[in-house]
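# Inside the fold
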Amino acid sequence: MAAKELMQYIMEQLSGLGEIRTIPMMGGYIFYYRERIFGGIYGNGFLVKDTKAGRRHMPDSEPQPPYEGAKDMLPVTILEDGEKLRAMVAEMYEELPERKPGKGAGKGKKGVKKRESVGASESGGGKTGAVRKGGRGGSE
């Protein structure tokens, strides 16, 4: 399954949870729950952060790095069971680090563009950074 189709399937499985969004990243996708990164689609499939909740819900999952030099993550072994997947992601939330101030969320060019999210549709087609009116070099 291609990364985009896998992302869409995962978003369907998580649709009852709400507050899930994705951003494309280096040929895969990063997944956020309530603005905290919990996993992503990498070359070796869908992986989530290595947390106590993840290990409890997927005792058969063996940690592995998503790419060379990265921290180990857990390959998701319960993808077909949306109820278990939603429960795991919800329980993981308290173990996930908060977003660092100044990154994303409308800060700088990368955080301006609207991303795919559960319950929301893509709007417009404007370019990132096109929010500004006027610009530099205008007369005062």
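To start, this report covers the structure provided alongside it. Since this is a predicted model, take the numbers as computed values, not measurements. (Residues numbered from 1 in each chain as written. Predicted model: local features only at pLDDT ≥ 70, side-chain atom pairs only at ≥ 80, totals over all residues. Heavy atoms only, no water.)

### Considerations on the pattern of salt bridges
Summed over all chains, the structure comprises five salt bridges. In this structure, Glu35 engages Arg21 in a salt bridge whose closest nitrogen and oxygen atoms are separated by 2.9 Å. Remark: Arg21 occurs in strand 1 (residues 20–25) and Glu35 occurs in the loop between strand 2 (28–33) and strand 3 (36–42); sequence separation between them is 14 residues. For Glu35, a relative accessible area of 35% corresponds to the partly exposed category. The buried category is assigned to Arg21, whose relative accessible area is 15%. Put simply, Glu91 and Arg56 hold a salt bridge, and the shortest N to O gap is 3.2 Å. With Glu91 in helix 3 (residues 82–92) and Arg56 in helix 2 (residues 52–57), this pair connects stretches of sequence that are 35 residues apart. Through salt bridges with shared partners, a single network forms among Arg21, Glu35 and Arg99. (Salt bridge = Lys/Arg side-chain N within 4 Å of Asp/Glu carboxyl O. Helix = DSSP H or I, 4+ residues; strand = E, 2+ residues; numbered from the N terminus. Buried < 20%, exposed > 50% of the residue type's maximum accessible area, 1.4 Å probe, protein only.)

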